[in-house]
Amino acid sequence: KKIKTRFQTHIGLAESEDGIRWKAFPEPLINYNDIQDGEVKRLYDPRLQIIDGELYMCFAQDTRHGLRGGIGKISPGLKSFEIISLSVPDNRNMVLFPEKINGMYCRLERPMPVYSRRGKELFDMWMSFSPDLIHWGDSRLILAQEDVPFANCKVGPAAPPVRTEKGWLTLFHSVKKDPRLLKNGWEPKWKKVYCAGVMLLDLEDPSKVLGVYKEPLLMP
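As the structure is a computational prediction, the values presented were derived from the model and not from experiment.

**Notes on the overall build of the protein chain**
Point 1. Looking only at helices and strands, the protein chain features 0 helices and 15 strands.
Point 2. In the protein chain, buried positions account for 43% of the 220 residues.
Point 3. For the protein chain, the proportion of contacts with a sequence separation of at least 24, taken over those separated by at least 6, is 44%.
Point 4. Accessible surface, the protein chain: about 13,300 Å² in total, of which carbon and sulfur atoms supply 54%.

Quick look at the structure:
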């Protein structure tokens, strides 16, 4: 007898002593099945950051009424998870800076405004600021899709920024559509190439881009 199942994703944890051999925790940190309100459809895209000794995680959740980006706090011992902030639809790919800048928390993000970009799949990287990790605003465009030579579809955050003497070293992902591509997987066709790029942001004003490397660091 064939049993119908829902497509599910959970967010789990794994640990390693050498960065090569990994052991997964037996239970998810966030279990999809624990959400019983019928609104959330799946959870994915986690990104970790330590701020003032506290561990936070950005993530995305698909809901019946749009895609929401979230920030949660992980308890000591990695035993529990508390959601402290959720965006309105549609926003995702959030990453936090490791420290306050000019008294404010900072995050990079990639909104997905279908209508404001001429109805095309063109998405850019933005930055928002918060006094408490809960309320976010003063949003600014950081990196537009057309500013990246190896993107024709979208750009967004990747790993959290790293402080250097010259500025915030910041990885990003880029997407280029290629109609020649096909994919054998959960979608019948796949026409996008994902690459990793890098840029440098100003230490005192991270909304200021000091430079973008014009070639991908990593590509398939």
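**Looking at the sheet that holds strand E8 (residues 105-111)**
Point 1. Here 4 strands make up an open sheet; going across it, the order is E7-E8-E9-E10 and the pairing antiparallel. In the strand order of this sheet, the two ends are held by strand E7 (91-96) and strand E10 (137-143), each with one partner. Here the average twist between neighbouring strands, direction ignored, is 30°.
Point 2. When E7 meets E8, the two strands line up antiparallel, connected through 4 bridges. Its bridge partner lying in E8, Arg92 is registered against Arg110.

**Describing the environment of Pro111**
Point 1. Along the chain, the position of Pro111 falls in strand E8.
Point 2. Between the C-alpha atoms of Pro111 and Phe123, which are 12 residues apart in sequence, the distance is 6.9 Å.
Point 3. Here Pro111 is in contact with Asp90, Asn91, Phe123, Asp124 and Trp126, once residues within four sequence places are set aside.

**Points about the side chain of Asn93**
Point 1. Along the chain, the position of Asn93 falls in strand E7.
Point 2. Reaching out from Asn93, the side chain makes a polar contact with the side chain of Asp45 at a distance of 3.2 Å.
Point 3. If sequence neighbours within four positions are ignored, Asn93 has contacts with Asp45, Arg47, Leu108, Glu109, Arg110, Pro157 and His173.

**Structural notes on the packing of aromatic side chains**
Point 1. Tallied over the full model, the rule gives 3 aromatic pairs.
Point 2. Look at Phe97 and Trp168: their rings are 5.3 Å apart centre to centre, the planes differ by 85°, and that puts the pair in the edge-to-face class. One end of the pair, Phe97, is in the loop between E7 and E8; the other, Trp168, is in strand E13 (residues 168-177), and 71 residues separate them in sequence.
Point 3. Ring geometry for Phe150 versus Phe172: centroids 6.2 Å apart, planes at 10°, classification stacked. Taken together, the residues Phe150 in the loop between E10 and strand E11 (154-157) and Phe172 in strand E13 connect sequence positions 22 residues apart. Note on accessibility: Phe150 and Phe172 belong to one class, buried.
Point 4. Against the face of Trp136 rests Arg107, its NZ or CZ located 4.3 Å from the ring centre.

What counts, and where the lines are drawn
- Residues numbered from 1 in each chain as written.
- Predicted model: local features only at pLDDT ≥ 70, side-chain atom pairs only at ≥ 80, totals over all residues.
- Heavy atoms only, no water.
- Helix = DSSP H or I, 4+ residues; strand = E, 2+ residues; numbered from the N terminus.
- Buried < 20%, exposed > 50% of the residue type's maximum accessible area, 1.4 Å probe, protein only.
- Contact = heavy atoms within 4.5 Å.
- Areas by Shrake-Rupley, 256 points an atom, 1.4 Å probe, with all protein chains shown as cover.
- Pairing = 2+ DSSP bridges.
- Axes fitted to C-alpha atoms, helices over the stretch in contact; angles between N-to-C directions.
- Polar contact = N/O pair within 3.5 Å; in protein donor to acceptor, adjacent residues only side chain to side chain.
- Phe/Tyr/Trp six-rings, centres within 6.5 Å; stacked < 30°, edge-to-face > 60°.
- Lys NZ or Arg CZ within 6 Å of the ring centre and 35° of its normal.

All quantities given are derived from atomic positions and should not be read as evidence of function.
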